[in-house]
Amino acid sequence: MKWNWGKGIVVAMACFMGFILYMVITMSTDDNYSHDLVTEEYYAKEMAYQTEIDAETNARNLVGEISGKRTPEGWLLTFPTSISKSTNKGKVFLYRPSNQQLDFEVPLVISESNLLIPDKQLIDGRWNIIIEWTDGVEEYMYKKSIVY
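Just so you know, these numbers come straight off a predicted model, no measurement behind them. (Residues numbered from 1 in each chain as written. Predicted model: local features only at pLDDT ≥ 70, side-chain atom pairs only at ≥ 80, totals over all residues. Heavy atoms only, no water.)

1. Overview of the overall build of the chain
So, point 1. Counting its regular elements, the chain contains 4 helices and 7 strands.
So, point 2. Going from the N terminus to the C terminus, the chain shows its helices and strands as α-α-α-β-β-α-β-β-β-β-β.
So, point 3. With respect to the three principal axes, the spread of C-alpha positions in the chain is 90 × 35 × 25 Å.
So, point 4. Taking all 148 residues of the chain together, 26% fall into the buried category.
So, point 5. Contacts in the chain between residues far apart in sequence, at least 24 positions, make up 55% of those at least 6 positions apart.
So, point 6. As displayed, the chain has an accessible area near 10,800 Å², and 58% of this comes from carbon and sulfur atoms.
So, point 7. Taken as two groups, the 14 positive and 20 negative side-chain charges of the chain have centres that lie 8 Å from each other. (Helix = DSSP H or I, 4+ residues; strand = E, 2+ residues; numbered from the N terminus. Buried < 20%, exposed > 50% of the residue type's maximum accessible area, 1.4 Å probe, protein only. Contact = heavy atoms within 4.5 Å. Areas by Shrake-Rupley, 256 points an atom, 1.4 Å probe, with all protein chains shown as cover. Lys, Arg positive; Asp, Glu negative; His and termini not counted. Charge placed at Lys NZ, Arg CZ, Asp CG, Glu CD.)

In structure tokens, the structure reads:
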């Protein structure tokens, strides 16, 4: 059988297509390549997105700003006095993008305009902090990405 460049191109294309098919099948069936969704109920969250936008706007319009810093005891959130006096109820949600099992939520209990998230609950790396609270009339939301 005579071998020429046309047959070589066909064989090379067939090998390439076989490799691509092998990779697609491997990636879709192997559990090592399985990735979780960012949130389980993302359709429901998308429907409530306008409420989040309004809450974030309300938080930006307040006098003062929420700040955070790392201390030996953990992550210290400092709230302006206007927030700490008017807050009826709320929660602080810490979301770890790389590992869903590390996500946790704590109630918003402000003492002397501060809230401490203990060091034992946080590991080094990136965290997203979402603070939601209400003053009885308006809802507020603050989002920030931190590196602990």
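Here the narrative resumes.
2. Observations concerning the side chain of arginine 96
So, point 1. Looking at the secondary structure, you find arginine 96 in the loop between strand S3 (89-95) and strand S4 (104-107).
So, point 2. The charged side chain of arginine 96 is buried without a salt bridge, its nearest counter-charge being aspartate 103 at 7.3 Å.
So, point 3. Here aspartate 124 takes part through its backbone oxygen, which lies 3.2 Å from a polar atom of the side chain of arginine 96.
So, point 4. Those residues in contact with arginine 96 that lie beyond four places of it in its chain are Leu102, Asp103, Ile123, Asp124, Gly125, Arg126 and Trp127. (Salt bridge = Lys/Arg side-chain N within 4 Å of Asp/Glu carboxyl O. Polar contact = N/O pair within 3.5 Å; in protein donor to acceptor, adjacent residues only side chain to side chain.)

3. Focus: the nonpolar core
So, point 1. In this structure, Leu77, Val92, Ile131 and Trp133 are the most contacted members of the largest nonpolar core, which totals 22 residues.
So, point 2. The set of elements that each furnish at least two residues to this core consists of strand S2 (74-78), S3, S4, strand S5 (114-118), strand S6 (126-134) and strand S7 (139-147). (Core = buried A, V, L, I, M, F, W, Y, C linked by side-chain atoms within 4.5 Å.)

4. A look at the packing of aromatic side chains
So, point 1. If you walk through the whole model with that rule in mind, you get 3 aromatic pairs.
So, point 2. On the basis of an interplanar angle of 25° and a centroid distance of 6.5 Å, the ring pair of phenylalanine 93 and tyrosine 95 is categorised as stacked.
So, point 3. Given a relative accessible area of 25%, phenylalanine 93 falls into the partly exposed group.
So, point 4. Between phenylalanine 104 and tryptophan 127 the ring centres are 5.9 Å apart and the planes differ by 75°, which places this aromatic pair in the edge-to-face class. A residue pair is termed long-range when its members are at least 10 positions apart, and phenylalanine 104 in strand S4 and tryptophan 127 in strand S6 qualify at 23 residues. (Phe/Tyr/Trp six-rings, centres within 6.5 Å; stacked < 30°, edge-to-face > 60°.)

5. Digging into the confidence of the model for the chain
So, point 1. When pLDDT is averaged along the chain, the result is 82, and 91% of the positions lie at 70 or above.
So, point 2. Ranking the elements of the chain by mean pLDDT puts helix H4 (residues 81-86) last, at 66, and helix H1 (residues 5-29) first, at 93. (pLDDT = per-residue confidence, 0-100.)

6. Here's the deal with the pairing of S3
So, point 1. Bridge analysis of S3 against S6 gives 7 bridges, and the strand direction is antiparallel. Of the residues in S6, the one forming a bridge with leucine 94 is isoleucine 129.
So, point 2. For S3 and S4, the ladder comprises 4 bridges, and the chain directions are antiparallel. Its bridge partner lying in S4, phenylalanine 93 is registered against glutamate 105. (Pairing = 2+ DSSP bridges.)

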